[in-house]
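Topology and contacts: notes
The chain contents come next:
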There are 2 protein chains.
Amino acid sequence: MKRIFEIDPWKIVTHSLDQDNKRLQESITSLGNEYMGMRGMFEEKYSGDTHHGIYLGGVWYPDKTRVGWWKNGYPAYFGKVINAVDFVSVDLQINGESIDLARDRYTDFDLELDMQRGILRRSFTVFKGDAKVRLHSERFVSTACKELYANRLTFENLGKKAVELSISSVIDANVFNEDANYDEQFWDVLAHQAKGQELTMTSQTIPNSFGTPQFIVAMKAVHQTSLTFQKNETSPKTVAALWSGELGPGDQAEFEKKVLVTTSRDYPSQEKIELAAERLASQQGGRAFAELLAEHAAIWEKRWEKSDVVIEGNAESQQGIRFNLFQLFSTYYGNDARLNIGPKGFTGEKYGGATYWDTEAFAFPFYLGATPAKVTRNLLQYRHDQLPGAFHNAQEQGLDGALFPMVTFNGIECHNEWEITFEEIHRNGSIAYAIYNYTRYTGDQEYVHHEGFDVLVGIARFWADRVHYSARKGQYMIHGVTGPNEYENNVNNNWYTNLLAKWCLGYTDQIAQEVSDQKLAELSLDQKERSRWREISNQMYLPADSNLGIFVQHDTFLDKDLTPVKDLPQDQLPLNQHWSWDHILRSPYIKQADVLQGIYYFIDQFSEEEKRRNFDFYEPLTVHESSLSAATHAVLAADLHKEDKAFEMYSRTARLDLDNYNNDTEDGLHITSMTGSWLAIVQGFAGLRVNADHLSFAPFLPKEWTAYSFRINFRGRLVSVAVNTEGTKLALLSGDDLEVILNGTPVFLETEGK
Amino acid sequence: MKRIFEIDPWKIVTHSLDQDNKRLQESITSLGNEYMGMRGMFEEKYSGDTHHGIYLGGVWYPDKTRVGWWKNGYPAYFGKVINAVDFVSVDLQINGESIDLARDRYTDFDLELDMQRGILRRSFTVFKGDAKVRLHSERFVSTACKELYANRLTFENLGKKAVELSISSVIDANVFNEDANYDEQFWDVLAHQAKGQELTMTSQTIPNSFGTPQFIVAMKAVHQTSLTFQKNETSPKTVAALWSGELGPGDQAEFEKKVLVTTSRDYPSQEKIELAAERLASQQGGRAFAELLAEHAAIWEKRWEKSDVVIEGNAESQQGIRFNLFQLFSTYYGNDARLNIGPKGFTGEKYGGATYWDTEAFAFPFYLGATPAKVTRNLLQYRHDQLPGAFHNAQEQGLDGALFPMVTFNGIECHNEWEITFEEIHRNGSIAYAIYNYTRYTGDQEYVHHEGFDVLVGIARFWADRVHYSARKGQYMIHGVTGPNEYENNVNNNWYTNLLAKWCLGYTDQIAQEVSDQKLAELSLDQKERSRWREISNQMYLPADSNLGIFVQHDTFLDKDLTPVKDLPQDQLPLNQHWSWDHILRSPYIKQADVLQGIYYFIDQFSEEEKRRNFDFYEPLTVHESSLSAATHAVLAADLHKEDKAFEMYSRTARLDLDNYNNDTEDGLHITSMTGSWLAIVQGFAGLRVNADHLSFAPFLPKEWTAYSFRINFRGRLVSVAVNTEGTKLALLSGDDLEVILNGTPVFLETEGK
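Residues numbered from 1 in each chain as written. Chains lettered and ligands numbered in written order. Predicted model: local features only at pLDDT ≥ 70, side-chain atom pairs only at ≥ 80, totals over all residues. Heavy atoms only, no water.

As a further point, take the sheet that holds strand β2 (residues 31–32) of chain A. All names here are of chain A. In spatial order, the strands read β2-β3-β4; together these three strands make up an open sheet with antiparallel pairing. Looking at strand neighbours, the two that pair on one side only are β2 and β4 (54–56), the edges of this open sheet. Sheet analysis places β2 next to strand β3 (residues 36–38), joined by two bridges and oriented antiparallel. Bridge assignment links L31 to a residue of β3, and that residue is M38. (Pairing = 2+ DSSP bridges. Helix = DSSP H or I, 4+ residues; strand = E, 2+ residues; numbered from the N terminus.)

What follows deals with the interface of chain A and chain B. Taken residue by residue, the interface counts 49 residues in chain A and 50 residues in chain B. At the junction of chain A and chain B, the tally comes to twelve salt bridges. Of the charged contacts, one joins D582(B) and R466(A) as a salt bridge, the two residues approaching to 3.4 Å between their closest N and O atoms. Joining chain A to chain B, the criterion identifies 26 residue pairs in polar contact (both at pLDDT 80 or more). Going through the elements one at a time, α8 (418–421), β21 (468–470), α15 (575–578) and α16 (581–586) of chain A are the ones with two or more residues in the side of chain A that touches chain B. Of the residues forming the side of chain A that touches chain B, the biggest block, five residues, is contributed by α16(A). (Contact = heavy atoms within 4.5 Å. Salt bridge = Lys/Arg side-chain N within 4 Å of Asp/Glu carboxyl O. Polar contact = N/O pair within 3.5 Å; in protein donor to acceptor, adjacent residues only side chain to side chain.)

All names here are of chain A. Cross-referencing UniProt, the feature "binding site: substrate" (unreviewed entry) maps to W357, D358, K591 and Q592 in the present numbering. Position of D358 relative to the elements: it lies in helix α5 (residues 358–370). Accessibility expressed as a relative area gives 8% for D358, which makes it buried. Beyond its immediate sequence surroundings of up to four residues, D358 is in contact with P343, A363, L628 and T672. Mapping Q592 onto the fold places it in the loop between α16 and α17 (595–601). A residue is classified by how much of its surface remains accessible, and Q592, at 4% relative accessible area, is buried. Q592 has contacts with W357, F362, P484, N485, S626, L628 and S629, leaving out every residue within four places of it along the chain. (UniProt positions renumbered as here; feature names shortened; annotations may be inferred. Buried < 20%, exposed > 50% of the residue type's maximum accessible area, 1.4 Å probe, protein only.)

Okay, the packing of aromatic side chains next. Going through the model one piece at a time under the given rule, you end up with 113 aromatic pairs over all chains. Seen from their ring centres, W60(B) and Y77(B) are 5.9 Å apart, and the 35 degrees between their planes marks the pair as tilted. Highlighted residues: W60(B) in strand β5 (residues 60–64) and Y77(B) in strand β6 (residues 77–81), separated in sequence by 17 residues. By relative accessible area, W60(B) is classed as buried at 4%. Counting every residue linked through ring pairs, the aromatic cluster contains Y433(A), Y436(A), Y496(A), W503(A), Y507(A), Y600(A), Y601(A) and F602(A). A cation over a ring is seen here: K22(A) above F42(A), with NZ or CZ 3.9 Å from the ring centre. (Phe/Tyr/Trp six-rings, centres within 6.5 Å; stacked < 30°, edge-to-face > 60°. Lys NZ or Arg CZ within 6 Å of the ring centre and 35° of its normal.)

Bringing the environment of K11(B) into the picture now. Residues and elements named next belong to chain B. Take K11: it is sitting in strand β1 (residues 11–14). Once the C-alpha coordinates of K11 and K344 are considered, the two residues, 333 residues apart in sequence, prove to be 21 Å apart. Leave out the neighbours within four places in its chain, and K11 touches E6, E112, L113, D114, M115 and Q319.

So, on to the packing of helix α11 (residues 451–466) of chain A against helix α14 (residues 527–538) of chain A. Residue and element names in this part refer to chain A. Two elements in contact, α11 and α14, have axes separated by 10 Å at closest approach and are oriented at 60 degrees. Classed by the angle they form, the pair α11 and α14 counts as oblique. Between α11 and α14 lies a crossing whose hand is left-handed. Taken together, the residues of α14 that come into contact with α11 (itself represented by V457, A460, R461 and A464) are E529, R532, W533 and I536. Its residues placed into classes, the contact of α11 with α14 shows five nonpolar, no polar and three charged. (Axes fitted to C-alpha atoms, helices over the stretch in contact; angles between N-to-C directions. Parallel < 35°, antiparallel > 145°, perpendicular 65-115°, else oblique. Left-handed = near helix turned anticlockwise from the far one by under 90°. Nonpolar A, V, L, I, M, F, W, Y, C, P; charged D, E, K, R; others polar.)

Structure below.
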């Protein structure tokens, strides 16, 4: 654990610059608006250790697969997010020398991420010789105009002499990825111009041999300042504008930079991309920074109205949950169905900015409750739009139907480790489950009967072809998979995977009864095929051990040496930093919920005895070395009234990044895991379930807190749930009257003003 | 199948240049002398498709691992052979134009690999305008002086006018590998000089960051010719000498190039490497080509005396077995214990020229019988010398003892697919088995009691740590392995691996009874440790199925869909060209002998019933898509008196490369599989076994042949075995009297001259 920011309910704030943890600071102070985002690196020069990262949603590059391509069906490339052309940097000079806090003397450093309004602020007083200047910076990426980045700098001469202040603002295509493999640059400059206070650059990703898009990005930077424009400078990959001016003692100067970023994702040609940047610049660029900021902040306020979680009696928890919500909404708020939720969002390059099963398994249930239904509907749409890729992926394996990718930008699998690519097929189950979950939660039947059914049938056809019949056991089996526990690979009959396959086939058959004949005909789905689905579903092998009364993670799991984690030498944890991959694979230790993930999905369909036995068997073997593990365990522990265990599990997710719990937040935030604290509170502590069109709650108050409350979006209503030592108070904040189940008893809610 | 050479008992010969199969021709006409070798590319320019490949034994480069390195214990690099600096090329011009058979008109083309004497000869008549010139080329890499490559060219003007003949001989460091990953050049030139008819170059492999050696290679080329020296040319990476002369009608010209190649593998400094090249050039370079050739050919004649196999009634078989012996001896003849047998020898770049388990499993038993004992002793020594690397490999996995590498140049594992690197640990068993096999065959106890025991103890310690105890089964198990059947990965309790582990522990404990107390003390081996070995060995789990009466390939093998290969659509074979890797992994189809490999190793320890049941169960599931599969099956089939099946299996290995059976010989020859035809004949058809210090035979004559005979090296004797329709004739050609078992009956052999 390492905590470098102060505790505050709405702010991430520090009064010191910790140069040894600069990257950690940058990750935590990242900003994003779904469309683009950036780490919290400084605008001005910084010669110390830093990770300058700016990313554009859906803009990526396919890296050629260099190992394993000789295996038939192997992905040809690994997709990765690329660092965008730098539009943030500004060189600030005092008396001809660049401000550089890695070298300069400074005082009164303040850094503050304002989560309520979505603004990053920074100020400090810097000394250069006998000059003493105070600088304030404010920046945001606009939620009101997605293409807009705005930065305001103000300077005050606190010294006794006049100082010469000069500013150079750039757009710079000389950027590299942190990715250590290759020293490539990914941007070719198509056009650039520096014309007075306006800078433009159009760049394009370098060619690739896989037929994936070459993205074109236009940037237009406009500036307003009290300083005097001096000149422009251009080089093959940069454009710059320079200003300067003298500041007498006590004098102030202001500088505003607004950059409009448009891409080929939204416009069909270089000309139209550039025209759009021009148009947006003329619409937005001349407006006052304060006005743009107010528009942006108002949208954040509305988001908080719908989704805030208040925790009393524990300031750390309060800050933790708000930070997680803030960073999740910065990554995704459902405004573009072509985008998804990268495990690091816009905060780093690890995991390549691509879409993982994290979305459906962990982010989806959060967005279902925390945001309006259109957000999750767009997450479903994303997968539907990628069905052609999923058909392709299955075909590459020689299989029918749709195999959604483990990692992707475009629907085509782009991760190149076979044990993940070919074998972690349980993802298909989560994608079907999300459709079920959405339908159950929202009551919207329209999706599942149309686009959703296309997806379900594709997935069902995949499972029906992927199973094989074991003559010896007289049951259907699934060999050669990797379950959610990635500390085992290539196992046979992973209970979780088999359960999901069985369920998918049954559920798709059930929905097939509801859809139109036209839809069935469109998909050429007949009774014979459905009958085969039912046969497989009914005869699916689900390994279990009657002596232990548990479901068995996979065929030979119980042959392992089952020493519990608590009996391991503690200096060997985390295992992934101390044990070889071989050692881990052969061990019984579970990276993240596997059998328990299946029980979590269908939590009301297992008896308490079944849940308890499996939890008590598997949790002691679980090392929780995936940040995705804790939430599932928290919800199950709460369900089993193991309140201390539930709170312990919640604690692992609550401040995972703020306290750098896994010692890797310098690489970026664990965005998809951030949903864990919300799930632990809402599904765990408050016991939220949705069954038979009813919301239900069975809350408890963790003894570490005095009260907590949150808001839930449900079928057009906004419901408030407040839990304190005296009990639970439910309120309907907006929408139609609603019957809710509280601790097993129906409660009728009307809006308060009624 | 594609056959481009004629049938001939001692020659590989063709009278046409098949430009569409030029690479195949080059692979088949490769030359080697253990120290170095080259493909059969032309010396002169050839603008068509060609693979120019020259390789130096033990000279390699470590390619950085780019995928999977984040797994603890993963190899940091992949080692690969690199194409040597080109010392073969000679540009031949007639009237100022280069001879280039891809473009020129020519007649009377002859190409001939003389296997009896180890020479590659080529001749043709080429037309250039009205010029008509006949060219002969002869070349060899000397078995008498390993550093020597020699090439003689003769020219005859068959036209009616005088022609201007000019020759440019080069040493050229502008070489690339075929390997498609990177466009790197691997050689830096340290020094080079062109001085009249002598060319020198010293080059060094480019730096690497893994601490593996940078090899320095000096080359000195000397020339003798009837033409007139004109000038030298040098560039940063080349040196050249030019000659020319006029040939009147009917005139002849001669040109000899001799290159001496010395390396840092044999000399400690650049200066000494260069001096050695100078010295050798002064010793050998001035000698007549014919004299050098005679010395070289005499050594080949001696090899054939010891090892020839004669097959009557089938000229294809005769040529096939001689070709295999020729290419094996070109790759390895035991003269340098630091070298080993790459799967492609000096004939291509695939498999990186490294050492695989192929050596002990397939090449070792061949060399035991076909060559003097010092050859196999050196193969054992190679592994002993690499024990530090094997300790390192085990330690990287967090395990005790020695884990010999799956792929290596220096003892350190250098293959980067975890399912092979971490899991194909059965290789350790074959390395121990080779010691046992050597000791049994040669009667030499000295090795196993000294160096061999070091190796055995290292291996036993590895197994003892790699097993785990299954409380449920009450037996020791080995999880997470890949057996010889690489069409499955990461299986549990692979019967073959468990059998070898059990045997290794028992055998090492047995040898421990025989070694000196000093040796035991040196290895800190005590009774407690030996007792644990015995416990594991005695309680090792060996999966078996009592209903089927078979050993089970691994825990869940019998749950698969066990459709035999013959019932598959034939257009899906070979599977590795038609099925995805995922499909293959889940299938029951066996790439090469797995359970049967274990039965082959201990062929006399299983009942005929056991052998028959397992053969009849597994062989129908075996696709033989490794070239290493057929020999084992041939020997077992012969043992079971399945003579037709034995001959069918033999046929797959006999002319694998000559008939391009697998359609990939253009990449290089299947050197380690070439032992298969010898094993099929000697261990299979002739039933060679060695037990209780006696050679035994139980021959049959395949109905496709009229007779066959071979020679066996056994404990200082040379024994001849001749089988024809009338029976078997044994003869002792040299060495002390010997009792041999023929068809169960002792036969006393004396040398004939006695």
